[in-house]
Number of protein chains: 2
Amino acid sequence: MPGELFHPEIENVTLAQVLAALDDPMRLRIVKVLVHDPDTGERTCTSFRLPVGKSTLTHHFRILREAGLIRQVDRGNSRKAQLRREDIDRRFPGLLALVLAEGTAPETDPAD
Amino acid sequence: MPGELFHPEIENVTLAQVLAALDDPMRLRIVKVLVHDPDTGERTCTSFRLPVGKSTLTHHFRILREAGLIRQVDRGNSRKAQLRREDIDRRFPGLLALVLAEGTAPETDPAD
DNA sequence: CTCATGGTAAGGGCTGGATCGTACCTCCCT
DNA sequence: AGGGAGGTACGATCCAGCCCTTACCATGAG
């Protein structure tokens, strides 16, 4: 698992960037799952059971990460994703509430 | 100026729709202007001084209207746009605050 | 009436970005 | 050591959506 991952300072993230990141069914779905997750859930990419190939997943998770929405940490074998809740609430107060209010959490496999 | 314009009930607007509408520099800019506008400003499309052709303007304003973000009313010669402030605040509380917090209002011609 | 202004409708060009397939890497397990 | 699982990188394809041009329609002013 090569080099360190780029995580932007939340202050440097623009609203436009976040809107672009959320303007995609897959990515909105990912964030919905994370925001509904009771514990500060670290989840593998594949646990979301998204109907796309592996490389497409990598693509989406990178965009979410570069938009400051998620953190990705290497946990030995796999790479876990985690919502940057506090950061987002500070930089974009009310944003997560909007996502939370919209519908319920899509199906996933919380085991991973 | 043909037929009546379609304005969706705010309850039927989805978050995805709004995110899609705001995920465009032109449209985000339009909403920024409107949200900064002190009076409940009715403004003509051209008053925004956007660097695109007329038909492109029509395109963007339609998308904003169909996303429930603006209201468009015929005022004789021209067609004025207005932010649906109360509706948006009810359906997506906090959304306009996010736009408001992001930067200042772009240049326009408030006269129109 | 005539014309300028503000706007819409339809059609086409172009590009960004979502997707996939393949190849490759790394860690864990046996 | 060897294999499988989870991820990344790169290249190619494809399509939605932005933008423009052209043609057209109202309205209001002169």
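Since the structure is predicted, the reported quantities are computational estimates derived from the model, not experimental observations. (Residues numbered from 1 in each chain as written. Chains lettered and ligands numbered in written order. Predicted model: local features only at pLDDT ≥ 70, side-chain atom pairs only at ≥ 80, totals over all residues. Heavy atoms only, no water.)

A. Fine view of the interface of chain A and chain B. Each partner contributes residues to the interface: chain A has 15 residues there, and chain B has 15 residues. Summed over both partners, the interface of chain A with chain B comes to about 1300 Å²; 71% of that surface belongs to carbon and sulfur atoms. Together, A:Leu15, A:Leu19 and A:Leu98 form the three largest contributors to the area buried by chain A at its contact with chain B, with a combined 43%. Connecting chain A to chain B are two salt bridges. Note that B:Glu102 and A:Arg91 form a salt bridge whose closest N and O atoms lie 3.3 Å from each other. Along the contact surface separating chain A from chain B lie four residue pairs in polar contact (both at pLDDT 80 or more). If one sorts the elements of the side of chain A that touches chain B by residue count, helix α1 (residues 15–22) of chain A sits on top with five residues. (Contact = heavy atoms within 4.5 Å. Buried area = accessible area lost by both parts, 1.4 Å probe. Salt bridge = Lys/Arg side-chain N within 4 Å of Asp/Glu carboxyl O. Polar contact = N/O pair within 3.5 Å; in protein donor to acceptor, adjacent residues only side chain to side chain. Helix = DSSP H or I, 4+ residues; strand = E, 2+ residues; numbered from the N terminus.)

B. Focus on the packing of aromatic side chains. Residue and element names in this part refer to chain A. Inspection of the entire model under this criterion finds two aromatic pairs over all chains. Here the aromatic rings of Phe48 and Phe61 are separated by 5.6 Å at their centres, their planes lie at 55°, and the arrangement is tilted. Here Phe48 is found in the loop between β1 (43–44) and α3 (54–66), whereas its partner Phe61 is found in helix α3, with 13 residues between them in sequence. Each member of the pair Phe48 and Phe61 is classed as buried. Over the face of the ring belonging to Phe48 we find Arg43, whose NZ or CZ atom lies 5.3 Å from the ring centre. (Phe/Tyr/Trp six-rings, centres within 6.5 Å; stacked < 30°, edge-to-face > 60°. Buried < 20%, exposed > 50% of the residue type's maximum accessible area, 1.4 Å probe, protein only. Lys NZ or Arg CZ within 6 Å of the ring centre and 35° of its normal.)

C. Structural detail: α3(A). All names here are of chain A. An ideal rise of 1.5 Å per residue puts 18 Å on 13 residues; α3 measures up with 18 Å between its terminal C-alpha atoms. Listed as buried for α3 are Leu57, His60, Phe61, Leu64 and Arg65. Projected down its long axis, α3 carries its buried residues within an arc of 135°, all on one side. Looking at the buried residues of α3, the elements they touch are α1, α2 (25–36), β2 (70–75) and β3 (78–83). Within two residues after α3, Gly68 carries a phi angle of roughly 75°, on the positive side. (Expected span 1.5 Å × (residues − 1). Arc of directions from axis to C-beta.)

D. Representation of the sheet that holds strand β1 (residues 43–44) of chain B in the model. Residue and element names in this part refer to chain B. Spatial ordering of the open sheet is given by β1-β3-β2, a layout of three strands whose pairing is antiparallel. Looking along the sheet, the strands with just one partner apiece sit at the ends: β1 and β2 (70–75). Along the sheet, helix α2 (residues 25–36) makes contact with β1, β2 and β3 (78–83), crossing β3 at roughly 75°. Contacts between helix α3 (residues 54–66) and the sheet are confined to β2 and β3, with β2 contributing the most and set at about 120° to the helix. (Pairing = 2+ DSSP bridges. Axes fitted to C-alpha atoms, helices over the stretch in contact; angles between N-to-C directions.)

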